[in-house]
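# Report on the structure
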2 protein chains.
Amino acid sequence: MSLARPAVLAAGLALACVSALPAPARADEGMWMPSQLPQLAEAMRSAGYAGDPAKLADLTAAPLNAVVRAGGGTGAFVSADGLVLTNHHVAFGVIQYNSTPERNLIDDGYVAADRAAELPANPDFRVLVTVGFDRVTDEVLAGTRGRKGRDYQQAVEAASKRIVSECEREAGIRCSVATMYAGTDFYRIRQLELRDLRLVYAPPRAIGNYGDEIDNFMWPRHTGDFTILRAYVGKDGKPAAYSPDNVPYNPPSHLQVSATGPQAGDFAMLAGYPGITYRHRTAAEFARQVEWTLPARVDVFDALIGVIEQAGRGDATARTLYASQLQSLKNNRKRAAGELEGLRRSDAVRLRAEDEAAMLAKASRSDARDIKALAGVLERDNAVRERELLLGLAASQSQLLRSALTLERLRIEAARPDAQRESGYQARDLALIEGQLRQVQRRYHPDVEKALLRELLGRYQQLPDAQRVPEFDTAFGRTPEALEQALQQLYAGTTLGDEQARLAAFAAAREGQALPQDPLLALAAQLVPAQVRLEHARKASEGEQLRLRPAYMHALAAWRQAQGRALYPDANSTLRVSYGKLEALQARDAVTYAPVTTVAGIVEKHTGEVPFDAPQPLLDAIAAGDFGHTADPQLGTQTVDFLTNLDTTGGNSGSPVLNARGELIGLNFDSNWEAVSASWWFDPSYKRAIHVDMRYMRWLMEKVYPAPHVLQEMGL
Amino acid sequence: MSLARPAVLAAGLALACVSALPAPARADEGMWMPSQLPQLAEAMRSAGYAGDPAKLADLTAAPLNAVVRAGGGTGAFVSADGLVLTNHHVAFGVIQYNSTPERNLIDDGYVAADRAAELPANPDFRVLVTVGFDRVTDEVLAGTRGRKGRDYQQAVEAASKRIVSECEREAGIRCSVATMYAGTDFYRIRQLELRDLRLVYAPPRAIGNYGDEIDNFMWPRHTGDFTILRAYVGKDGKPAAYSPDNVPYNPPSHLQVSATGPQAGDFAMLAGYPGITYRHRTAAEFARQVEWTLPARVDVFDALIGVIEQAGRGDATARTLYASQLQSLKNNRKRAAGELEGLRRSDAVRLRAEDEAAMLAKASRSDARDIKALAGVLERDNAVRERELLLGLAASQSQLLRSALTLERLRIEAARPDAQRESGYQARDLALIEGQLRQVQRRYHPDVEKALLRELLGRYQQLPDAQRVPEFDTAFGRTPEALEQALQQLYAGTTLGDEQARLAAFAAAREGQALPQDPLLALAAQLVPAQVRLEHARKASEGEQLRLRPAYMHALAAWRQAQGRALYPDANSTLRVSYGKLEALQARDAVTYAPVTTVAGIVEKHTGEVPFDAPQPLLDAIAAGDFGHTADPQLGTQTVDFLTNLDTTGGNSGSPVLNARGELIGLNFDSNWEAVSASWWFDPSYKRAIHVDMRYMRWLMEKVYPAPHVLQEMGL
C-alpha cells in the first residue's frame, strides 16, 4: 500500500495530437484521461468492456463522478447517503484519531451501530469530489511569452493562482490547476471539499492490515484493506466542518457492488487519482534515479526508521505517537528499494537511453535545442541534491520545527495581498494549516523529534561547502556537539509543544503580526529567508523545465506516433482510468502466482503474532466454511484479494475496480513488489495491481463482523 | 541442504510381515529397503520404471553397489577409476581443508588438471561401500531373554559388538549392526572403508552454494551443489590412508550420466543413506517434539549462532575457523524451525494421536501392555530433557573440552579388553579419534569456545535442582561469576590447543595410561564419571525402548495392513530406495512452483553480493546462451535444478537420482522448506526433494569451468 506523494506542477503536450493517435498495442498500459477514452473505444471493447466508452469521457458525470479523492488516496461513493469506500490504510488516520488505550479501534475495528454512532474524522481529513475539469492552457501561458526561469514559473503560478482564486469564490469548492504533458497543457479542476467525514465501518488491524510491512507490496496477499466512511454536509447541503447538526451528503451518483465476483482473465477497469509518474522523464533523469536518488532515499529512510524504533523501544507513548509516521517511512523505504530493484531488473536506464536517442534522431531542430537546454537545467539541479533531500526531510519529518517554519512563513506571506502569497499560505489554506497545528499533539514527542533532527542535520553537517547554507550553519553549528547543544536549547525552551501556544502563534501569523517569543520561532525567523532563497532557485529550475519540457514531450509524441502508440500524460493526481484484466504473475523463474487468493492463505500465514495474527472470529468463520453466496463458484471457497494488470501508482489506493458492466468488484490497495518501479518504467511482464475482492468485504460484513444495516444501504 | 544426524540404535518389526503387505497406495511415500523392492514391482512399473525391480533387491550388486556413504551424506561412483559424485556441501570439509588465504578453493572452486593435481581430503573423510547386508536378529536377541532396561541394552550391545568385532577382522572393512523396525530386527552391515579421497572438481562457492542460508531449504533453487572426488586405495587394491603411491580405486560398478534430462511428470528414483526418521514414533513423542524439543532447539541454536557471529565480527581468523560449525548450526536451526512449522501445518500431533488411538483399539493385550510401559519410559526421559540438550551441546559444540572428555574416556575404556569397551573407544575407532584431535587446529579459537560454553553452561546453571549434576556444579560453580572464573582458568592453563600436546595425551590415553597434567584433562577426570552415570541412565531407557517398541511396531504393522498399506522401517543410515516423479509444488495459496528451474533464475537472484554473487564467467556464459546439447528442448534454455516427490531426509544429501532406465539425471541436495517436517510426518502435498540437474553440471564442466578430461572419464 502506498499513499500519493504530493502532486507537483509537472510537464505536457497539446491534447490535440492525442486524438490523432491510434489505440495502444496493449490494453493494460496507460493511465488515461477520461477525455481520451472515446478514442480508445475499440480497444476497450475488444478487451471486454460491455459499456459505452464514450460515456466515460466526462469525469463530472456518472459513473466517474462517484470516484473521489479521499485523504491521500482515492475513494468511491457506494450509497445515496454518502457512504465512501476506501482503503483501511487511506483512512488509518481517521481510525487512529478515534482510538484510545481504552477503546482501541485500530486493533478491534469498528462497526457504527447507527448514524449517531459514526465517529468524526480528524479535522484535516478531506474528501474531494471533482465537479469541473476545463482546459485553461491559453490563460495560463498568456503571460509567459519571452520569459525564462523563475519569471516563467512566476507567470504560470500567477495565472494559476488567479484562476484558482476566481474559481474558489464559490463556497465549499477547492480548485487547482494541473498541467498535462509537463507544461504543454493546463486544466482547471474544481472540487467539492467535503470536510465532515465519519467512520462507519473498519475491520480490525489484523484484517485491514494483515501482514503489515512483511506483506506490503507482496502477492499473494490476504488483506482486507478497506474502510467505510460517510460524508456529511451542512443542513443547506453545502460542505461544512464537523457539526452534530450536519446531514449525510447525497452524491450525484454512486457505484453498485457486483453480485458476482471476477475470475482469471476477466475484464477489469479502475478509476482513481494516481499521484505522480515519471514515465516520460529524460534518460538522464532515469540514470540519476537509479544511480543516486533511490539508493540515497533507502539509506536515509533506514536511518530515520532506526531512530523512531529505538525511541519506541522503551516508551509506549512514543510508539503510539509515531506509529503513523513510522508506517509511512517504512512504506517509502520499501518502495524506494523496490523501485531500484525493478528499474535495474528491467534495465530501464539503458532502454530509456536507447528510446530517447531514437526520438532525438527524429526531433526537429528547435525541439532538439530546447531538449539540450533542459539537460543543462537538470545537471545543475544535481549539484545540490544531497542538501535538498536532507533539509526537505528535516522539515517534513518533524512536528514542532515544521510548525515553527510554517508559522513564520505564514506571518511573512500574510503581510501580502492574498493573490500574491506563496501557494499553501493563502486564505484558502488556513484551515488546513490550523488542522495540522492542532494534530501535532497526536504525533509529537520531543525526544523523538530531537533524535530525528540529530540524524538529518548531522548528515547535513557532513556535506561539502558548496552545498552548505549559512543560516543553517549559524543555527546548528558545524559540529555534532554544536548541533546537540542547539537542539537541547531549542526544545527545552519552546512552548510550541502546547496546542494553545501554537494556536496563539497561528492567530498572530495569519494576520501578519509579530509572533510570540519562542526559541523555535526565533530559529524559524533565521531559517525561512534561507528557505525562500533556496525555493527561488528551485522555482527558476522549475520554470525552465516548464518552458523546455514541452519540446521533449512534442518530440516524444511524434516518436510514439511513428511507433504506432498512443501517449497518456504522466500521472498528476487528476482522475485517470485504466483498463485490463485479472492476470496471473510469473514473478520469477519457476514461480507462478494465481490472480485470486482465498481464505486458506489467511490460515497458512497465521502465526498468532503481529502482523499475522488473524482474529479468532475470522479463523472460526473460515473453519466453519459458511461462505454462502460470497464464495467463488469455481474455487468453492471464499476469495480474499485479486490481481490485475491495471496501470496504477501511489494515489490509486482505494480506487474502485469495476467489471465489464461497470459494477464494483474490487478495491485497489497495492502494487506487487516487482511493479513498484512502474512509476518510472512500465514493464508488462511484472506490472500488476492488488485489490480487495468485494466478496471478501461482503462476507466479513455479513458473517464475521456483521453490519447488515450498512450492507442494506449499499443495496446488498 | 542438510547432513545426516548420527544414526542411533533405533527401533523394528519382523520383515516377514512386510512381504505379506500390499504395495502402498501412493508411489511417492516410503524409504524402502532394497529387499522390499521386488514386492513393490507392480507399483514401480506402473509409476514408470522401465527396469526390473527384482534386480534392485541386492544392495551389494549393481546398480546399488555404486551408491556409497560419503562423509555425512551419500555419493555415487561415476567412473571405473573411482570418481565419486557427491554434494558440494557434503565435500565442503574437503574443499575447506585444501583452502588457504592464498589459494581459496572455497571461493574459486577447483579443477584438477590431471591426477597428480588431485588434492588429498581431510584425514577423517571417508567413503564407505556397502559389501554385505545380513540379518542377525536371532544372534543379537539371544542374550536378551528375561532382561530389562540397561541389561537388555547391554545384551544387545554386547552381541552387536561381538558381531562387529568378528566382522572387522577383515582389513579395510567397517561393520555395524542396524536395527529395523525399532528393535524388532537386526542387520549386520559390512562396508569397505575408503580413506584416501581426493578433490577432483569443485565449482566456486557462488555456484556450489549459491543462495547459501537464504535459499537453504528453498524452492525454486539455482544451486550447483556438486563436487567430484576420487577414491584411492593401496597398490594392493585395499583401503589405505593417503599415500602418494596409492592408485585409483576400481569400484565394482558405476552409474552412467544420462544423455538427456527429465521433464515434469517423469519417473525418478533415488538411492542413498537417509540418516534417521521418526515416522513410527508414538503420539506422545510427536507431542513432545512439537511442544518442547523443536522450540528449545531453535532457541539454543539461535544463541550459539549469535555467539559465533559476534566473535567473527572483528576477527577474520575466528570467522574462518568457525565457518563450518556456523554453517552447520544455521542449517540445524533452520531445519528445527521448519520442522516445527511443518508439523503444525500438517496438524501432525493430532493426526498421529488419532492414528495411534485407532491402532490401540485393535492391538493385542500383550502389545497394549508393552506400549503402556513404553509410554512410562518416555515420560521419565522428559524429566531431564533440558539438561540432556545443554550438556550434549557443551561437548559437541566445543573442540578442546570435547577433546579432553574424549581423551579421558579413552583412557578409562582403554584399560578394558577391546570387546568390553564403549562403542567409539575401541581399537577400530582410534584412527577416527586421532583425525578429530588433529583437525581441532582448523576449527578452534579459545575466545569462541569460551563464549560458546559460557552460553551453554550459563543456561545449565539456571536449571532446577532435579536436573543438576554435582560434578558439573563443582567444576563450574552455580553463578555466572564462578563459571567465568572457571573458564578463564581452564583455557589460560590448558595446552590442548597445541596439536602435539593433544597427540601426546592421545598416545597415553590409548594405552590406558595416566594423562599429562592439564587443567582441561583434570576437569575431564571430574566430569567423565558423571557423564558415564548419565549415560547409564540413558542406556536403561534405550534398553527399555528396544524391548518395548517392537510391540508398538507390531501393532502398527497390523493396523497398516488393515488399512491396506505397506510399512517401511524408519531411516537408520542404511541404504534405501525411493521412487516417484518430477512434480510441481503448490506451496501456498495462489503459489505454484514449477519442478524445473533455469539459468534465468540465477540472473534474477544475482545481486553481486554474497550469497547471490554469481561468478562473472557464469553470468557471461548465460548471457551468451551457448547451451547446446545440455539445454532442455522444451524450455529452450539451460536447466539448473529439479524437484521430485521422492522420500528423503538428512543423509540423502548426494544421493544419485535415476530415470526410468536407471541413468543418472540428478544429484539430491535438499528438501523444500515445507517438507523438513517429513522426518516425522509425511505429507504428500508438501514433501519434495531438490536435485541438481546433471545437465547443469555437464554444462558447467563443458562451457564455464571446463574439465573435458573428467567428462570424458565419465563417458560424456
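Residues numbered from 1 in each chain as written. Chains lettered and ligands numbered in written order. Predicted model: local features only at pLDDT ≥ 70, side-chain atom pairs only at ≥ 80, totals over all residues. Heavy atoms only, no water.

### Concerning the overall build of chain A
Cut-off, in case you're wondering: A run of DSSP states H or I qualifies as a helix once it reaches four residues; a run of E qualifies as a strand once it reaches two. Both are numbered from the N-terminal end. The globule rule used for comparison is 2.2 Å times the number of residues to the exponent 0.38, while the radius of gyration itself is calculated over C-alpha atoms. Buried, partly exposed and exposed residues are distinguished by accessible area as a fraction of the type maximum, computed with a 1.4 Å probe on protein chains only: under 20%, between the cut-offs, and over 50%, respectively. By the convention used here, residues are in contact when the closest approach between their heavy atoms is within 4.5 Å. Computed with the Shrake-Rupley method and a 1.4 Å probe, the accessible areas treat only the protein chains shown as cover for residues. In summary, the charge assignment counts Lys and Arg as positive and Asp and Glu as negative, without counting His or the chain termini. For charged residues, the charge sits on one atom: NZ in Lys, CZ in Arg, CG in Asp, CD in Glu.
The secondary structure content of chain A amounts to 25 helices and 21 strands. In terms of overall size, chain A behaves like a compact globule, its C-alpha atoms giving a radius of gyration of 25 Å where 716 residues would be expected to give roughly 27 Å. Judged by the C-alpha coordinates and their principal axes, chain A covers about 70 × 65 × 55 Å. In chain A, which comprises 716 residues, the share counted as buried stands at 60%. Long-range contacts, defined as pairs at least 24 residues apart, comprise 79% of the intrachain contacts of chain A with a sequence gap of at least 6. Surface accessibility of chain A: about 26500 Å² in total, with carbon and sulfur atoms responsible for 51%. The average position of the 80 basic charges and that of the 87 acidic charges among the side chains of chain A differ by 5 Å.

### Brief notes about the relation of the copies chain B and chain A
To be explicit about the condition: Only residues with pLDDT of at least 70 in both copies contribute their C-alpha atoms to the least-squares superposition of the copies.
Least-squares fitting of chain B to chain A yields an RMSD of 0.0 Å, with the transformation described by 0.1 Å of translation along the axis and a rotation of 180 degrees. Here the symmetry operator amounts to a two-fold rotation axis. Minimal C-alpha distance to the rotation axis in chain B is attained by B:Thr592, lying at 2.6 Å. Here 100% of the contact residues of chain B are again contact residues in chain A; the copies associate through an equivalent surface.

### Side note on the interface of chain B and chain A
Counted only if it meets this: Take the accessible area each of two parts loses on contact, using a 1.4 Å probe, and add the two losses: that sum is the buried area. Put simply, a salt bridge is a Lys or Arg side-chain nitrogen that is within 4 Å of an Asp or Glu carboxyl oxygen. Think of a polar contact as two N or O atoms within 3.5 Å of one another; within protein, one of them needs to be a possible hydrogen donor and the other a possible acceptor, and neighboring residues in sequence only count if both atoms come from side chains.
Facing the 15 residues of chain B at the interface are 15 residues of chain A. Across the chain B to chain A interface the summed buried area is about 1200 Å²; carbon plus sulfur atoms make up 47%. It is B:Asp589, B:Ala590 and B:Glu604 in chain B that bury the most area against chain A; as a group they hold 48% of the surface buried on that side. Where chain B touches chain A, the interface holds 0 salt bridges. On the surface where chain B and chain A come into contact, there are 9 residue pairs in polar contact (both at pLDDT 80 or more).

### Section: the domain arrangement of chain A
Residues and elements named next belong to chain A. Cut-off, in case you're wondering: All domain edges in this entry derive from an automatic or database-based domain assignment.
Partitioning chain A into structural domains gives domain 1 (58–256), domain 2 (363–566) and domain 3 (581–713). Taking only C-alpha atoms into account, the centre of domain 1 sits 23 Å from that of domain 3. At the interface, 46 residues of domain 1 touch 51 residues of domain 3. Both sides of the domain 1 and domain 3 interface together cover about 3800 Å² of buried area, and 67% of this is carbon and sulfur. Counting the contacts that link domain 1 with domain 3 gives 5 salt bridges. In this structure, Asp 215 and Lys 605 form a salt bridge, with 2.7 Å as the shortest nitrogen-oxygen distance. On inspection of domain 1 and its partner domain 3, the count reaches 26 residue pairs in polar contact (both at pLDDT 80 or more). Those elements giving two or more residues to the side of domain 1 that touches domain 3 turn out to be β2 (73–77), β3 (83–86), β9 (196–202), α7 (205–208), α8 (212–215) and β10 (227–233). Ranked by the residues each element gives to the side of domain 1 that touches domain 3, the list is headed by β2, at 4 residues.

### Comments concerning the packing of helix α17 (residues 446–461) of chain B against helix α19 (residues 480–493) of chain B
Residue and element names in this part refer to chain B. Quick reminder of the rule: Where helices are involved, their axes are fitted lines through C-alpha atoms of the stretch in contact, as for all axes, and angles between N-to-C directions lie from 0 to 180°. When the near helix sits turned anticlockwise from the far one by under a right angle, the crossing is termed left-handed; a clockwise turn instead gives a right-handed crossing. For this scheme, ten residues count as nonpolar: Ala, Val, Leu, Ile, Met, Phe, Trp, Tyr, Cys and Pro. Four count as charged, namely Asp, Glu, Lys and Arg, and the remainder, Gly too, count as polar.
The N-to-C vectors of α17 and α19 enclose an angle of 145 degrees; their axes lie 10 Å apart at closest approach. Seen from above, α17 lies across α19 with right-handed handedness. Side by side, α17 and α19 meet where Glu 449, Lys 450, Leu 453, Arg 454, Leu 457, Gly 458 and Gln 461 of the first sit next to Pro 480, Leu 483, Glu 484, Leu 487, Gln 488 and Tyr 491 of the second. When the residues that make up the contact of α17 with α19 are grouped by side-chain class, the tally is 6 nonpolar, 3 polar and 4 charged.

### Looking at the state of the cysteines
Residues and elements named next belong to chain A. Using the following cut-off: Count a disulfide wherever a pair of cysteine sulfur atoms falls within 2.5 Å.
Considering all chains together, one arrives at 2 disulfides over all chains under this definition. Here Cys 167 pairs with Cys 175 through a disulfide, and the sulfurs are 1.8 Å apart. Across the S-S bond of Cys 167 and Cys 175 the torsion is about -65 degrees, and the bridge reads as left-handed. Among the residues examined, Cys 167 registers a relative accessible area of 10% and is labelled buried. The class of Cys 175 is buried, set by a relative accessible area of 3%.

### Considering the nonpolar core
The test is simple: Buried Ala, Val, Leu, Ile, Met, Phe, Trp, Tyr and Cys residues that are joined via side-chain atoms within 4.5 Å together make up what is termed a nonpolar core.
Counting residues in each nonpolar core, the largest one holds 136 residues, and the members touching the most others are A:Leu618, A:Tyr696, A:Trp699, B:Leu618, B:Tyr696 and B:Trp699. A:Tyr696 has contacts with A:Ile207, A:Thr223, A:Gly224, A:Val599, A:Ile602, A:Leu618, A:Gln638, A:Thr639 and A:Val640, leaving out every residue within four places of it along the chain. Grouped together as the second largest cluster of nonpolar side chains are 62 residues, B:Val300, B:Phe301, B:Leu326 and B:Leu437 included.

### Looking at helix α9 (residues 283–313) of chain B
Counted only if it meets this: Expected helix span is given by 1.5 Å per residue-to-residue step, counting one fewer step than there are residues. The seven residues ending at a residue and the seven starting there each receive a fitted axis; the angle between those axes is the bend at that residue.
Given a rise of 1.5 Å per residue, 31 residues ought to cover 45 Å, and the 44 Å separating the end C-alpha atoms of α9(B) matches this to within 8%. Of all the bends in α9(B), the greatest measures close to 45 degrees and is centred on B:Gln289.

### Things to note about the sheet that holds strand β14 (residues 585–588) of chain A
Note the following rule: Pairing between strands is defined by DSSP: at least two bridges between them are needed.
One open sheet holds the 4 strands; their spatial order is β14(A)-β15(A)-β15(B)-β14(B), and the pairing between them is antiparallel. Looking at strand neighbours, the two that pair on one side only are β14 of chain A together with β14 (585–588) of chain B, the edges of this open sheet. Averaged over all pairs of adjacent strands, the angle between their axes in this sheet comes to 30 degrees, without regard to strand direction.

### Looking at the side chain of A:Thr574
All names here are of chain A. In this structure, Thr 574 sits in the loop between α21 (519–563) and β13 (576–581). Reaching out from Thr 574, the side chain makes a polar contact with the side chain of Asn 572 at a distance of 2.6 Å. Polar contacts involving the side chain of Thr 574 include one to the side chain of Arg 576, which spans 3.2 Å. Among all residues touching Thr 574, those that are not within four sequence positions of it are Ala 178, Met 180, Ile 189, Gly 272, Tyr 273 and Pro 274.

### Points about the packing of aromatic side chains
The line we're drawing: Two rings from Phe, Tyr or Trp (for Trp, the six-membered ring) form a pair when their centres sit within 6.5 Å of each other. Planes less than 30 degrees apart are called stacked, planes more than 60 degrees apart edge-to-face, and all others tilted. Charge-over-ring contacts are defined here by two conditions on Lys NZ or Arg CZ: a distance within 6 Å of the ring centre and an angle within 35 degrees of the ring normal.
Going through the model one piece at a time under the given rule, you end up with 28 aromatic pairs over all chains. A centroid spacing of 5.5 Å and a plane angle of 45 degrees characterise the contact between A:Phe77 and A:Tyr249, whose relative ring orientation is tilted. Here A:Tyr249 lies in the loop between β11 (247–248) and β12 (267–272) and A:Phe77 lies in strand β2, a separation of 172 residues in the sequence. Exposure remark for A:Phe77: the relative accessible area of 0% places this residue in the buried category. Look at A:Tyr249 and you get buried, because its relative accessible area is 8%. An aromatic cluster is present here, built from A:Tyr278, A:Phe286, A:Trp680 and A:Trp681 joined pairwise through their rings. One Lys or Arg, A:Arg345, reaches over the ring of A:Tyr686 and ends 4.4 Å from the middle of that ring. One residue, B:Arg198, lies across the ring of B:Tyr232, its end atom 3.6 Å from the ring centre.

### Here we look at the pattern of salt bridges
Side-chain pairing between opposite charges can occur once the charged atoms of the two side chains come close. Residue and element names in this part refer to chain A. One pass over the full model with this rule turns up 116 salt bridges over all chains. One salt bridge connects Glu 713 with Arg 230, and the closest N-O pair in it is separated by 2.6 Å. Taken together, the residues span a long stretch of sequence, with Glu 713 in helix α25 (residues 708–713) and Arg 230 in strand β10 at a distance of 483 residues. Owing to a relative accessible area of 23%, Glu 713 belongs among the partly exposed residues under this scheme. Several salt bridges share partner residues, and in doing so they unite Glu 157, Lys 161, Arg 409, Glu 413, Arg 416, Glu 422, Glu 535 and Lys 539 into one network.

### Considerations on the side chain of B:Thr223
Mapped onto the elements of the fold, B:Thr223 is located in the loop between α8 (212–215) and β10 (227–233). Not counting the four nearest positions on each side in its chain, B:Thr223 is found in contact with B:Ile207, B:Gly208, B:Asn209, B:Tyr210, B:Val640, B:Asp641, B:Phe669, B:Val692 and B:Tyr696.

### Re the confidence of the model for chain A
The following threshold applies: Looking at any residue, its pLDDT shows the predictor's confidence there, from 0 to 100.
Confidence in the prediction of chain A, expressed as mean pLDDT, is 93, and 96% of residues score 70 or more. A low-confidence stretch, residues 1–27 of chain A stays under pLDDT 50, and its non-local contacts, those more than four residues away or across chains, total 102 contacts.

### Section: the pairing of β14(A)
All names here are of chain A. Where β14 lies against strand β15 (residues 591–593), 2 bridges are found, and the strand directions are antiparallel. If you follow Leu 585 over to β15, its bridge partner there is Tyr 593. Hairpin remark: β14 followed by β15, antiparallel, with 2 residues in the connecting loop; positive phi at Ala 590, about 70 degrees.

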